[in-house]
Every structure is written in structure tokens, then in C-alpha cells.
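Single-letter residue listing:
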Amino acid sequence: MQTASTNIGERMGRSQELSDSKRGPVIGGHLCNKSIRDISWLLNIPRSTVSGIITKWKQLGTTTQPPSGRPRHMTGRGQRMLKRTVRRSHQLSAESIAKDLQTWCDLQMSPTTVHRELHGMGFHARAAASKPSITKCNAKCRMPWCKARRHWTLQQYLPDCIVPSVKF
């Protein structure tokens, strides 16, 4: 028989999760009609933890709980399809992407889900920078300015910079 360690540093902390390799012997000890105190002493696990594992096993039939929360709607394959669609044409709306995924992959998905998944992948909507159009008045003013500087060298364009002289 093993001796229990009296070193408190070797005992499990409150916030740690007990591994499956430790839960199995607890259930095995319970099935061998060992008391909670004996199991706790043999495995060096707190009695409250042993009691909790046994109670959970009696109620659920397993020592692990099912994952909490709703399962994700989009699988890894669907995410790869979505990423490929967005990279192919990045200016599509979430509504049109949702329709495309519905026709190509048979994925019933709302535009909100598409938007949320794209956000999670690192794709974010950005408004394009507005560029003012050249008006007729602006074009008339620019033409003489450009013609006056048509034969300038690079040194004349950038007088403050050191530009190496390159002959073409």
C-alpha cells in the first residue's frame, strides 16, 4: 500500500481540472467498494473532489460533462469555403455570400452568421477612401502646370533628397 504524501504543494489546487487518468482510478476504487476516504488517501486527491467525481458518475454515467453551449453552425470545411469565396471576390455583401454558400454548399446560413464568421477570421468591412473626381476647372488648371514641368529631371522634382545620378 502507498503512503499518502503530506506535502501540501503536491496536492491539487482548487482551480485545476482533474485529468481523465486520475478520474478513472477514482471510479475504479468506488466500484471495488473502497470508501471515499481511502480513495482520497491512496490517490492523494481531496475527499470533496473524489465525492464530486463519484456523484457525477452516478448521475451522468460518465465523469466528463458534455460541452456547454450551442454547437457551431459552420464547420471547418464551411469556413474554408467562406474564406475562398471572400478572397475570390472581396466586395460581395454578406447577403450575397450567404446565397452563394446556400447554392454551392447547401449551407443554410443567415447573413449575420456570415458576417460573424468573417469577423472571426479577420475579415473586416472597410469603406474605400473617397477620391475626389477631377472637375473640368481642375483639369484646366493642371494641364499648364504639367506641361511646364514636362522636361524636369528627378533632381528638379526632389531638390532636398540625394538622388544618385543614373543614366538611362
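Preceding this section is the structure that the text describes.
Residues numbered from 1 in each chain as written. Predicted model: local features only at pLDDT ≥ 70, side-chain atom pairs only at ≥ 80, totals over all residues. Heavy atoms only, no water.

## Notes on the overall build of the chain
Selection rule: The helix count covers DSSP runs of H or I at least four residues long, the strand count covers runs of E at least two residues long, and both are numbered beginning at the N terminus. The cut-offs for exposure are 20% and 50% of the maximum accessible area for each residue type, with area from a 1.4 Å probe on protein chains only; residues under the lower value are buried, those over the upper are exposed, and the others partly exposed. The method behind every accessible area is Shrake-Rupley, applied with a 1.4 Å probe, and residues are considered shielded solely by the protein chains displayed.
Within the chain one finds eight helices and zero strands. Starting at the N terminus and ending at the C terminus, the chain contains elements arranged as α-α-α-α-α-α-α-α. Each of the 168 residues in the chain was classed as buried or not, and the buried ones make up 18%. Accessible surface for the chain amounts to roughly 14000 Å². Of this, 54% is attributable to carbon and sulfur atoms.

## Quick notes on helix α7 (residues 136–148)
Short version of the rule: Here the expected span of a helix is defined as 1.5 Å times the quantity of residues minus one.
The terminal C-alpha atoms of α7, which comprises 13 residues, lie 19 Å apart, in line with the 18 Å expected from a rise of 1.5 Å per residue. Across the 13 residues that make up α7, only a small minority, zero, are buried.

## Observations concerning the packing of helix α4 (residues 76–88) against helix α5 (residues 94–105)
Our working rule: The angle between two axes is taken between their N-to-C directions and runs from 0 to 180 degrees, where each axis is a line fitted to C-alpha atoms and a helix contributes only its stretch in contact. Any angle between 65 and 115 degrees counts as roughly perpendicular, while under 35 counts as roughly parallel, over 145 as roughly antiparallel, and the rest as oblique. By the definition used in this description, the sense in which the near helix is turned from the far one sets the handedness, with an anticlockwise turn below a right angle giving left-handed and a clockwise turn giving right-handed. Between two residues, a contact is recorded if the distance between any of their heavy atoms is within 4.5 Å. Gly is put with the polar residues, along with every residue not named as nonpolar or charged; the nonpolar set is Ala, Val, Leu, Ile, Met, Phe, Trp, Tyr, Cys and Pro, and the charged set is Asp, Glu, Lys and Arg.
Relative orientation of the contacting elements α4 and α5 amounts to 125°, with a least axis distance of 11 Å. Taken together, the axes of α4 and α5 lie oblique to each other. Where α4 crosses over α5, the two elements pack in a sense that is right-handed. Contacts between α4 and α5 pair M81, L82, T85, V86 and R88 from the former with I97, L101, W104 and C105 from the latter. Its residues placed into classes, the contact of α4 with α5 shows seven nonpolar, one polar and one charged.

## Some thoughts on the nonpolar core
The nonpolar side chains of a soluble globular protein tend to be buried with one another. We apply this condition: We define a nonpolar core as any set of buried Ala, Val, Leu, Ile, Met, Phe, Trp, Tyr and Cys residues linked to one another through side-chain atoms lying within 4.5 Å.
The biggest cluster of nonpolar side chains holds 12 residues, and these are M74, M81, L82, V86, I97, A98, L101, C105, L107, M109, V114 and L118. Elements supplying a minimum of two residues to this core: α4, α5 and α6 (111–121). At four residues, α5 tops the list of elements feeding residues into this core. Aside from chain neighbours lying at most four places away, what touches M109 is H73, M74, A98 and V114.

## Focus: a positive patch on the surface
To be explicit about the condition: Grouping into patches uses exposed residues only, defined as over 30% relative accessible area, and leaves out salt-bridged ones; the cut-off is 9 Å for like charges and 5 Å for nonpolar side chains (Val, Leu, Ile, Met, Phe, Trp, Tyr). We define a salt bridge as a side-chain nitrogen of Lys or Arg found within 4 Å of a carboxyl oxygen belonging to Asp or Glu. As used throughout, the charge tally considers Lys and Arg to be positive and Asp and Glu to be negative, leaving His and the chain termini uncounted. Just so you know, the charge point we use is NZ for Lys, CZ for Arg, CG for Asp and CD for Glu.
On the surface, a cluster of positive charge is made up of R77, R80, R84 and R88. Along the chain, the position of R80 falls in helix α4.

## Looking at unusual backbone geometry
With a phi close to 65°, N33 is a non-glycine residue in the positive phi region. Within the secondary structure, N33 sits in the loop between α1 (20–31) and α2 (36–43). Under the relative-accessibility criterion, N33 is labelled exposed at 72%. Although it is not a glycine, N44 adopts a positive phi angle of roughly 60°. For N44, the position within the fold is in the loop between α2 and α3 (47–60).

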